[in-house]
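Descriptive structure summary
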Amino acid sequence: MAQVRGSVITARLKWVRDRFGEPAVRHLKNNLSAASRARLDARVQPHDWVPFALYLEVTREMDRPWGKGDLSLAHELGRATADFSLPTILKIFLRFGAPDHTVRQGAKRWRQVYDSGTPEVRPLSDAEGEGCSLTLPDFETPDVAHCGTILGWMERSVELSGAKIRWARETSCRTRGDAACVFELRWERCASARTKLS
């Protein structure tokens, strides 16, 4: 089973805590399986490797009270992850790189966060305008919640790099029987957005 860094779990718990307080974190933990609850109670550290199944369970349990029950909350959580991590970790790329460069830098860090999968990023430029795609053909455990998070992260990363999103979507998905999960973004340049990171 794939593993993920504890930083992804701690970011989820921070999202709950910041919006709903510590009682909501306890509520979330109480609705997890005994094994998952015990792992969280053991204090997950950002650098720890934890089961990807824990990440999925936490995300799905968050969606019950604070989402719509359709896992669309995963998209918002992906955006929140970009807000949380990118301004500090990739600030130099956000200031000086093109939007697709920002996504490419995130893809290069993939194996620092997940122990499975090799994302491929390529720029897009055609009649539909400027954009990029991220293809993930080989992640061990594809899941709708994870795909929503990836798309949300990409979308917000591009916004933070100084572009206005025209549209963002997953054009194919292994959970639907496709050969790879493919995420595409199209944007318009908006350089003034970069001042938000100054």
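Residues numbered from 1 in each chain as written. Predicted model: local features only at pLDDT ≥ 70, side-chain atom pairs only at ≥ 80, totals over all residues. Heavy atoms only, no water.

Remarks on the environment of Ala-24
To be explicit about the condition: The numbering of helices and of strands both runs from the N terminus, where a helix is a DSSP run of H or I of at least 4 residues and a strand a run of E of at least 2. Partly exposed describes any residue whose relative accessible area lies between the buried limit of under 20% and the exposed limit of over 50%, with all areas from a 1.4 Å probe on protein chains only and scaled to the type maximum. Throughout, a residue-residue contact means that at least one pair of heavy atoms, one from each residue, lies within 4.5 Å.
For Ala-24, the location among the structural elements is in helix α2 (residues 22–30). Accessibility expressed as a relative area gives 9% for Ala-24, which makes it buried. Sequence separation between Ala-24 and Leu-13 is 11 residues; the distance between their C-alpha atoms is 9.3 Å. Apart from the residues within four sequence positions on either side, Ala-24 is in contact with Val-16 and Trp-66.

Observations concerning the packing of aromatic side chains
Applicable threshold: Pairing of aromatic side chains here covers Phe, Tyr and the six-membered ring of Trp, requires ring centres within 6.5 Å, and sorts the geometry by plane angle: under 30 degrees stacked, over 60 edge-to-face, intermediate tilted. Charge over a ring is defined by NZ of Lys or CZ of Arg lying within 6 Å of the ring centre and within 35 degrees of the ring normal.
Within the structure shown, the criterion is met by eight aromatic pairs. Arranged with centres 5.2 Å apart and planes meeting at 15°, the rings of Phe-20 and Trp-66 form a pair that is stacked. On the criterion of sequence distance, the pair formed by Phe-20 in helix α1 (residues 6–20) and Trp-66 in helix α4 (residues 52–66) is long-range, its members being 46 residues apart. Phe-20 sits in the partly exposed class, given a relative accessible area of 39%. Taken together, the ring pairs in this structure connect Phe-52, Tyr-55, Trp-110, Tyr-114 and Phe-139 into an aromatic cluster. Seen from the ring of Trp-167, Arg-169 lies directly overhead, with NZ or CZ sitting 3.5 Å from the centre.

Here's the deal with the environment of Val-113
You can see Val-113 is positioned in helix α8 (residues 110–113). Owing to a relative accessible area of 16%, Val-113 belongs among the buried residues under this scheme. Residues Val-113 and Arg-5, spaced 108 residues apart in sequence, show a C-alpha to C-alpha distance of 5.0 Å. Setting aside chain neighbours within four positions, we find Val-113 in contact with Gln-3, Val-4, Arg-5, Val-8 and Trp-49.

Considerations on the side chain of Glu-155
Position of Glu-155 relative to the elements: it lies in helix α9 (residues 144–160). Leave out the neighbours within four places in its chain, and Glu-155 touches His-75, Arg-79, Ile-165, Ala-168 and Leu-185.

Here we look at unusual backbone geometry
Phi at Arg-43 is positive, roughly 70°, even though this residue is not glycine. Residue placement: Arg-43 occurs in the loop between α3 (34–41) and β2 (49–51). A positive phi angle is found at Leu-71, which is not glycine, with a value near 70°. Following the sequence through the fold, Leu-71 ends up in the loop between α4 and α5 (73–89). A relative accessible area of 15% means that Leu-71 is categorised as buried.

Description of the nonpolar core
Selection criterion: Among buried residues, the Ala, Val, Leu, Ile, Met, Phe, Trp, Tyr and Cys ones that are joined through side-chain atoms within 4.5 Å form a nonpolar core.
Counting 49 residues, the largest nonpolar core has Met-62 and Met-154 as its most contacted members. Non-local contacts of Met-62, meaning those with residues more than four positions away in its chain, are made with Arg-12, Trp-15, Val-16, Leu-28, Gly-67, Leu-73 and Leu-77.

Here we look at α9
Note the following rule: Take the residue count of a helix, subtract one, and multiply by 1.5 Å to get its expected span. Each polar contact in these results corresponds to two N or O atoms within 3.5 Å; when the atoms are within protein, one needs to be able to donate a hydrogen and the other to accept it, and residues that are neighboring in sequence are counted only if both atoms are side-chain atoms.
Compared with an ideal rise of 1.5 Å per residue, which puts 17 residues at 24 Å, α9 spans 24 Å between its outermost C-alpha atoms and is within 8% of the ideal. Its side-chain oxygen at 2.8 Å from the backbone nitrogen of Ala-145, Asp-143 defines the N-terminal cap of α9. Within two residues after α9, Gly-162 carries a phi angle of roughly 105°, on the positive side.

Some details on the side chain of Arg-186
Considering the arrangement of structural elements, one finds Arg-186 in strand β6 (residues 181–189). Residue Arg-186 is classed as buried on the basis of its relative accessible area, which comes to 2%. Once you skip the residues sitting within four places of it in the chain, Arg-186 turns out to touch Leu-124, Ser-125, Asp-126, Glu-128, Gly-129, Glu-130, Gly-131, Lys-164, Ile-165, Arg-166 and Trp-167.

A short note on the packing of α2 against α4
Short version of the rule: To obtain each axis, a line is fitted to C-alpha atoms, and for helices this fit is confined to the stretch in contact; angles are then taken between N-to-C directions over 0 to 180 degrees. Should an angle fall under 35 degrees it is taken as roughly parallel, and over 145 as roughly antiparallel, whereas 65 to 115 is taken as roughly perpendicular and any remaining angle as oblique. Put simply, a crossing is left-handed when the front helix is turned counterclockwise from the back one by less than a right angle, and right-handed when it is turned clockwise. Note on residue classes: Ala, Val, Leu, Ile, Met, Phe, Trp, Tyr, Cys and Pro are nonpolar, Asp, Glu, Lys and Arg are charged, and everything else, Gly too, is polar.
Contact geometry for α2 and α4: axes closest at 10 Å, N-to-C directions at 120°. With respect to α4, the element α2 is oriented oblique. α2 and α4 meet at a crossing whose hand is right-handed. Touching Ala-24, His-27 and Leu-28 of α2 are Val-58, Glu-61, Met-62, Pro-65 and Trp-66, all from α4. A class-by-class count of the residues in the contact of α2 with α4 yields six nonpolar, one polar and one charged.

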